Amino acid sequence: MTEQPQIHAGAGAGRPVSAPSAGLGSAATEAVPLPGEPSGPGQAVPPGERRRERRRPPDWLLRTLAGVALLALWELAARALGSDFVARPTAVAQAVPEVFATEKFWQDAWATIWSVIEGVVIGAVAGTLLGLAMGRIRLVRWFFTSYVSALYTLPMVAVVPLMTIWLGYTSETRLVAVALSAFLPIVVTTADGSRSIPKEYLDVARTFRAKVHNIWFGIALRNAIPYLIAGLQLAIARALVTAVAVEFLAGVPGLGYSILMQTRSFQQNEAFVGVVLLTVFVVGTRALLTLARRRFLPWYGR
Amino acid sequence: MTRSAGRTPTASTGRGASPGAAPSDAARVVVSQGRVNYGDLTVFEGIDLTVKDREIVSIVGPSGCGKTTLLRCIDGLTRLNSGTVTVDGKPLNGPMPGVSMVFQHFGLFPWKSVYNNVAYGLKLQGAPKEQIEETVPKYIKMVGLAGFEKSYPHQLSGGMQQRAGLARALAVEPQVLLMDEPFSAIDAQTREILQFELLRIWEQRPIAMLFVTHSIDEAVLMGDRVVVLKGRPSRIHEVIDVGIPHPRTRDTLSTPRFHDVKGHVWDLLMQEVIAAERQVG
């Protein structure tokens, strides 16, 4: 009976539980974590350890456990039903090495992910500029607000077939669609952020006779950064959805397209590996953005 | 309307205690017939006010009397609907160089360190790098924030944040310093410390200062003259010469003169409150 939760030392699970749980998804899935029982005082607690964390296992452990439990449930259900049409987590895991060894998988994955990165960068730069203008200039706001919100609610998938007519069944279509779907959430959040500047900041700037560009880029943009980060999180998720949808609908080569093809040829496990990779990408970028926010905007809460 | 409570500040008020600190007659700020209204609601009207060089003028009045609005008009952040403001003889047309303001909620940028917050005004003026590197640490030290240059506002207490706000206002070496209830968001003990520190700083380099507050004690302690705003719309009800010499210290608070002036201002403002309550009742 110890005070700290213990990890059953399985392969690759040498990390002490008391270490800060900064990593996401770094929990070793092979190791079986045993939650420690809370017991009386007396054990040495590393400095800086909060009381709450002594009494119950750390968050990431609980989350990993929940994930493992869900996968186990899935596995059991698939086996109980005896269906061969439903992929099982264990089978997917077994397919991983084989899929990872194929060059095409990485080519496809890179094509999709790169188009998302490119599209988000283009959408973010353009969206930030329009968002700033909408936040700071009443006329621009008045002109664009209803159009931006209309486009924002429009599912981008709906216009993809039209885009193929304009731009062909090409990766350019994918890039344009991705950039557009990343652009809109950035515009909306940046406009909010650069509009909702505490009045006193503007008073200070005006007292010191700030020029318009000082206010735009020195204050409005800085104030909008937390909003911009929230917008980026939305943008990346939307961009990925659009990228996959374009690949489905326009047959543009990429991970989405190969998932579709594999599914059609009953290679479910292989398709799932692609799905998992896309998920890891989104979760990873989200974690990076959260980290960036904590690192660079420490005053902005958690 | 000026009631000269005792000696006039321009005469022998003993301010010679700090040589060279005697108020010159140069009028730094002149407001004449100032009026501000929001639609049908007139906030204040008929305001005539002069702040001379090396003089601290406190403005007190009930909530909503337009003290802060008047200060913002002098800063050029708000326009008078009629009347004029001149600073150093020049009619005001937006914020002027040589005028700084300290804000009620500090107005520090959370993304800038103390150093960069204090340097903000100088940087906007396009001051050369050497000047910034020389001036900023000087004022950070003056307000007692040495060692906190790299801290961010959220890491500081309210009192320390306002020290940074004061340093930022002083760093541009203004001729006129506008204080908008600078200590009202700060706890009582810290507030008292900061009041005396501000007096020390001012006594080192006396400039024209306007001090808006809702605390009568603070108005009398800080001010060479106290302007009482009253009525709806508000007007200058009375200007009181405090007549307590500088340097002012904690002992000032226990002098009979401080007590008398404070009592007088209190009576003026209480009449208003009582009248207002009668109207409501």
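Details of the confidence of the model for chain A
Residue and element names in this part refer to chain A. On average, residues of chain A score 81 in pLDDT, and 81% of them reach the 70 mark or higher. Per-element averaging of pLDDT across chain A places strand β2 (residues 33-34) at the bottom with 36 and helix α4 (residues 103-136) at the top with 94. Low confidence marks residues 1-50, where pLDDT is under 50. Its contacts with residues over four positions away, or in another chain, come to 51 contacts.

Focus: the interface of chain B and chain A
Taken together, the contact pairs 27 residues of chain B with 18 residues of chain A. In total, about 2000 Å² of surface goes out of reach between chain B and chain A, with carbon and sulfur atoms giving 65% of it. Between the two partners, chain B and chain A, sit one salt bridge. Between D203(A) and R72(B) there is a salt bridge whose closest N-O contact spans 2.6 Å. Taken together, chain B and chain A are joined by six residue pairs in polar contact (both at pLDDT 80 or more). Contributing elements (two or more residues each) for the side of chain B that touches chain A: α1 (67-75), β7 (99-102), α2 (114-125) and α4 (158-171) of chain B. Looking at the side of chain B that touches chain A, the element that brings in the most residues is α2(B), giving four residues.

Observations regarding the sheet that holds strand β2 (residues 27-38) of chain B
Residues and elements named next belong to chain B. Read from one edge to the other, the open sheet built from four strands follows the order β3-β2-β5-β6, with strand pairing classed as antiparallel. Single-partner strands in this sheet number two, and they are β3 (41-52) and β6 (90-91). As judged from the five bridges shared by β2 and strand β5 (residues 82-87), these two strands associate in the antiparallel manner. Paired with R35 across the bridge in β5 is S82.

Some words on the side chain of E55(B)
All names here are of chain B. With respect to the element layout, E55 can be found in the loop between β3 and β4 (56-60). Residue classification places E55 among the buried positions, given a relative accessible area of 2%. In this structure the side chain of E55 is engaged in a polar contact, spanning 2.8 Å, whose partner is the backbone nitrogen of K52. Those residues in contact with E55 that sit more than four places away from it in its chain are T50, W202, I207, A208, M209, D224 and R225.

Some thoughts on the nonpolar core
Where a protein is soluble and globular, its nonpolar side chains tend to be buried together. Residue and element names in this part refer to chain B. L49 and V265 are the most contacted members of the largest nonpolar core, which totals 113 residues. Counting residues per element, this core draws most heavily on α4, at seven residues. Composition of this core by domain shows at least three residues from each of domain 1 (2-98 + 178-280) and domain 2 (105-173). The contact partners of L49, leaving out residues within four places of it in the chain, are V29, V30, V31, V57, I59, L70, L210, V227 and I236.

A short note on the packing of aromatic side chains
Each aromatic ring pair is summarised here by two numbers: the centre-to-centre distance and the angle between the ring planes. Considering all chains together, one arrives at 14 aromatic pairs over all chains under this definition. Between Y201(A) and W111(B), the ring centres sit 5.6 Å apart and the planes meet at 85°, which makes this aromatic pair edge-to-face. Here W111(B) lies in the loop between β7 and α2 and Y201(A) lies in helix α8 (residues 199-207), a pairing that spans two chains. The pair formed by Y201(A) and W111(B) is uniform in burial state, with each residue classed as buried. Aromatic side chains F208(A) and Y120(B) sit 6.2 Å apart centroid to centroid with 80° between the ring planes, which places their arrangement in the edge-to-face category. Here Y120(B) lies in helix α2 and F208(A) lies in the loop between α8 and α9 (212-250), a pairing that spans two chains. A single burial state applies to F208(A) and to Y120(B), both of which are buried.

About the cut-offs
- Throughout this document, residue positions are counted from 1 along each chain, in the order its sequence is written.
- Think of it this way: whatever chain is written first is A, whatever ligand is written first is 1, and the rest follow in order.
- Predicted model: local features are reported for residues with pLDDT of at least 70 only, side-chain atom pairs are reported and counted for 80 or more only, and whole-chain, interface and lining totals are derived from all residues.
- As a rule here, side-chain values cover all heavy atoms of the structure and leave hydrogens and water aside.
- For every residue, the predictor assigns a confidence score, pLDDT, that lies between 0 and 100.
- Helix and strand assignments follow DSSP, with helices taken as H or I runs no shorter than four residues and strands as E runs no shorter than two, numbered in order from the N terminus.
- Only heavy atoms matter for contacts: two residues are in contact if any of them lie within 4.5 Å across the pair.
- The term buried area denotes the loss of accessible surface (1.4 Å probe radius) that occurs when two parts are joined, taken as the sum for both partners.
- What makes a salt bridge here is a side-chain nitrogen of Lys or Arg within 4 Å of a carboxyl oxygen of Asp or Glu, nothing more.
- Definition of a polar contact: a pair of N or O atoms within 3.5 Å, with one able to donate and the other able to accept a hydrogen when the atoms are protein atoms, and with sequence-neighbouring residues admitted only if both atoms are side-chain atoms.
- Criterion used throughout: strands pair if DSSP finds at least two bridges between them.
- Whether a residue is buried, partly exposed or exposed follows from its accessible area with a 1.4 Å probe, protein chains only, as a fraction of its type maximum: under 20%, in between, or over 50%, in that order.
- Buried Ala, Val, Leu, Ile, Met, Phe, Trp, Tyr and Cys residues form a nonpolar core when they are joined through side-chain atoms within 4.5 Å.
- Segmentation of the chain into domains, including their bounds, is taken from an automatic or database domain assignment.
- Here a Phe, Tyr or Trp ring, Trp counted by its six-membered ring, pairs with any other such ring whose centre lies within 6.5 Å, and the pair is stacked when the planes are under 30 degrees apart, edge-to-face when over 60, and tilted otherwise.

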